[in-house]
Amino acid sequence: MGVKSTKKDSWEVKMNLNHKEQVESINRKIKEFVGIYREAVKHLNISESEFWIWYTLVAIEGEHTQQDICAMWSLPKQTVNTVITHMRLKKYAYLENVPGTRNRKIVRLTDEGKKRGEAMISPISLAEEKAFEKISYEELAHVANVFGRYIEIVRRELNTTAI
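Throughout what follows, the structure given in this document is the object of discussion. Just so you know, these numbers come straight off a predicted model, no measurement behind them.

### Focus on a nonpolar patch on the surface
Together, Val-143, Phe-147 and Ile-151 make up an exposed nonpolar region whose accessible area comes to about 240 Å². Along the chain, the position of Ile-151 falls in helix 6 (residues 137-160). Its relative accessible area of 33% is what places Ile-151 among the partly exposed residues.

What follows is the structure, given as structure tokens:
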């Protein structure tokens, strides 16, 4: 699954960049990161949307509804519905009603779906785990916190700016 690396120190954020250059640098890093997954998914012969649905059902603990998956990955409802419908037709998944709700359903994998999902997701999860082992918990927490804050601020600014 050969994912290409960029130049040796490309991960470093230069401290002397102005704001515009820093935003450009961050956006390039985001695209590079997304590209790593895109390249890996290409080898699975599925769409990126389908990948993130499988990833959710296999790698993320807990119960997930179609609505949860849409919100988690910013995927359109119709896309998630279409992918899950195909998974159901192939007997990889089924839907289970959430008690006390009208139309919320938990997506569950069948035994065959679990096997297929594990085969697709395990190599990627393993690569993630190996990467995380090389970065301290504090660094990972800091990156997640700062990036989460950045996302919220950009979202708020875009919502208050006429586009």
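### Here we look at the packing of aromatic side chains
Tallied over the full model, the rule gives 10 aromatic pairs. Aromatic pair Phe-51 and Tyr-55: ring centres 5.7 Å apart, planes at 45°, arrangement tilted. Here Tyr-55 and Phe-51 lie together in helix 2 (residues 48-59), a separation of 4 residues that amounts to about one turn. Of the residues examined, Tyr-55 reaches a relative accessible area of 11% and is grouped as buried. Here the aromatic rings of Trp-54 and Tyr-92 are separated by 5.7 Å at their centres, their planes lie at 65°, and the arrangement is edge-to-face. Placement of Trp-54 in helix 2 and of Tyr-92 in the loop between helix 4 (77-89) and strand 2 (93-97) is noted, with a sequence separation of 38 residues between them. Like Trp-54, the residue Tyr-92 is buried in the burial classification.

Parameters at a glance
- Residues numbered from 1 in each chain as written.
- Predicted model: local features only at pLDDT ≥ 70, side-chain atom pairs only at ≥ 80, totals over all residues.
- Heavy atoms only, no water.
- Patch = residues over 30% accessible without salt bridge, like charges linked within 9 Å, V, L, I, M, F, W, Y side chains within 5 Å.
- Areas by Shrake-Rupley, 256 points an atom, 1.4 Å probe, with all protein chains shown as cover.
- Salt bridge = Lys/Arg side-chain N within 4 Å of Asp/Glu carboxyl O.
- Helix = DSSP H or I, 4+ residues; strand = E, 2+ residues; numbered from the N terminus.
- Buried < 20%, exposed > 50% of the residue type's maximum accessible area, 1.4 Å probe, protein only.
- Phe/Tyr/Trp six-rings, centres within 6.5 Å; stacked < 30°, edge-to-face > 60°.

Interpretation in functional terms is not warranted from these geometric data alone.
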